[in-house]
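Observations on the three-dimensional arrangement
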Amino acid sequence: MRFTPTALAGAFLIDIAPVEDERGLFARTVCDDEFARHGLVGRFVQQSVSWNPYAGTLRGLHFQMTPHQEIKLVRVTRGAVFDAIVDLRTDSPTYGKTFHTELSAANRRQLYIPAGMAHGFQSLQADTEVLYQMSTPFNPASARGLRWDDAALAIPWPACRERIMSGRDRSLPLLHQLPAPDSLA
Ligand SMILES: Cc1cn([C@H]2C[C@H](O)[C@@H](COP(=O)(O)OP(=O)(O)O[C@H]3O[C@H](C)C(=O)[C@H](O)[C@H]3O)O2)c(=O)[nH]c1=O
């Protein structure tokens, strides 16, 4: 695997190093030792899938509050997404900064998201499926979110004819409205 640090401390792009032959390819996507050599956690306790039948579906920006904040490893197994993260760690040099990338079944790229970040994506194709691995179990009571279109974040979400979102996501708070840092990721 190839690990590329992003502009946000602790967040990495992980690309496969495929072994190819006449049958196709084989590639490792998670390895505890290799992750540890890059200072990353390679053990996950939950794996989830998100299916998005329509392009323009936007989920997020979500995170879990302390002490349930999650490390997430995200990849796309069908279709493609515009994937975005926000650093919510108030002690981080990149607090309030964002990073985005395209994850797709074609590029087989993964995004490693450290604890303390909000995550969201917009599907770029119909029938897009996203696979997540989480380091911490889902804790509904600590699930929180951040508005996708917060001008303070200025995430360049791709234009689309109709953006499909949940009512909850449409009404999430802005960054400056989030509770005090001690209750945040
Ligand atoms: C996340 C999650 C949700 N649920 C239940 C709760 C709801 O009844 C239903 C849909 O939940 P939600 O609308 O929060 O699903 P998404 O909007 O896809 O949320 C995810 O999308 C953003 C982009 C993420 O990064 C998170 O992994 C996750 O928050 O599944 C579970 O039972 N377990 C879970 O781990």
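All figures in this text were calculated on a predicted structure; none of them were measured in a lab.

1. Let's talk about the sheet that holds strand 8 (residues 80-87)
- Reading across from one edge, 9-8-11-6-13 is the order of the five strands in this open sheet, with antiparallel pairing throughout. Each end of this open sheet is capped by a strand with a single partner; those strands are strand 9 (98-104) and strand 13 (143-145). Recorded for the sheet is a direction-independent mean angle of 30° between the axes of neighbouring strands.

2. Points about the packing of aromatic side chains
- Per the counting criterion, the structure on display carries four aromatic pairs.
- Ring geometry for phenylalanine 3 and phenylalanine 35: centres 5.5 Å apart, planes at 85°, overall edge-to-face. Remark: phenylalanine 35 occurs in helix 1 (residues 32-37) and phenylalanine 3 occurs in strand 1 (residues 2-5); sequence separation between them is 32 residues. The two residues phenylalanine 3 and phenylalanine 35 agree in class, both being buried.
- On the numbers, 6.2 Å between centres and 70° between planes, the contact of phenylalanine 35 with tyrosine 112 is edge-to-face. Taken together, the residues span a long stretch of sequence, with phenylalanine 35 in helix 1 and tyrosine 112 in strand 10 (residues 110-113) at a distance of 77 residues.

3. Quick notes on the sheet that holds strand 5 (residues 46-52)
- An order of 1-2-10-7-12-5 is seen for the six strands of this open sheet, with the pairing classed as antiparallel. Either end of the sheet is taken by a strand with one partner, and the two such strands are strand 1 and strand 5. Neighbour to neighbour, the strand axes of the sheet diverge by 25° on average, direction disregarded.

4. Describing the site of the ligand
- Around the ligand sit Arg59, His62, Lys72, His119, Gly120, Tyr132, Phe138 and Arg168, and those are all the residues in its vicinity.
- The separation between an oxygen atom of the ligand and a polar side-chain atom of histidine 119 is 2.7 Å.
- Between tyrosine 132 and the ligand, the recorded distance is 3.3 Å, taken from a side-chain N or O atom to an oxygen atom.
- When the ligand is considered free in solution it has 650 Å² of accessible area, and contact with the protein chains removes 58% of it.
- Secondary-structure elements contributing two or more residues to the shell around the ligand are strand 6 (58-64) and strand 11 (117-123).
- Classifying every residue of the shell around the ligand by side-chain character gives two nonpolar, three polar and three charged.

5. Concerning the pairing of strand 12 (residues 128-134)
- Burial analysis of strand 12 places five of its seven residues in the buried class, which makes it a mostly covered element.
- Where strand 5 lies against strand 12, seven bridges are found, and the strand directions are antiparallel. Paired with valine 49 across the strands is leucine 131, a residue of strand 12.
- Bridge count between strand 7 (residues 72-78) and strand 12: six bridges; the pairing is antiparallel. Considered in strand 12, the bridge of arginine 75 is made with leucine 131.

6. As for the environment of leucine 13
- Note that leucine 13 resides in strand 2 (residues 12-15).
- Placed 99 residues apart in sequence, leucine 13 and tyrosine 112 show a C-alpha to C-alpha distance of 6.3 Å.
- In contact with leucine 13, other than residues within four places in its own chain, are Arg2, Phe3, Thr4, Thr6, Phe99, Thr101, Arg109, Gln110 and Leu111.

7. Some thoughts on the pattern of salt bridges
- This structure, assessed with the given rule, holds 10 salt bridges.
- Of the charged contacts, one joins aspartate 15 and arginine 109 as a salt bridge, the two residues approaching to 2.9 Å between their closest N and O atoms. Separated by 94 residues along the polypeptide, aspartate 15 in strand 2 and arginine 109 in the loop between strand 9 and strand 10 bring together distant segments of the chain.
- Of the residues examined, aspartate 15 reaches a relative accessible area of 7% and is grouped as buried.
- By relative accessible area, arginine 109 is classed as partly exposed at 23%.
- Residues arginine 78 and aspartate 127 are paired through a salt bridge, measuring 3.1 Å at the closest nitrogen-oxygen approach. In this pair, arginine 78 is assigned in strand 7 and aspartate 127 in the loop between strand 11 and strand 12, connecting sequence segments 49 residues apart.
- One network of salt bridges, with partners in common, ties together Arg2, Asp15 and Arg109.

What counts and what doesn't
Residues numbered from 1 in each chain as written. Predicted model: local features only at pLDDT ≥ 70, side-chain atom pairs only at ≥ 80, totals over all residues. Heavy atoms only, no water. Pairing = 2+ DSSP bridges. Helix = DSSP H or I, 4+ residues; strand = E, 2+ residues; numbered from the N terminus. Axes fitted to C-alpha atoms, helices over the stretch in contact; angles between N-to-C directions. Phe/Tyr/Trp six-rings, centres within 6.5 Å; stacked < 30°, edge-to-face > 60°. Buried < 20%, exposed > 50% of the residue type's maximum accessible area, 1.4 Å probe, protein only. Near = heavy atom within 4 Å. Polar contact = N/O pair within 3.5 Å; in protein donor to acceptor, adjacent residues only side chain to side chain. Areas by Shrake-Rupley, 256 points an atom, 1.4 Å probe, with all protein chains shown as cover. Nonpolar A, V, L, I, M, F, W, Y, C, P; charged D, E, K, R; others polar. Contact = heavy atoms within 4.5 Å. Salt bridge = Lys/Arg side-chain N within 4 Å of Asp/Glu carboxyl O.

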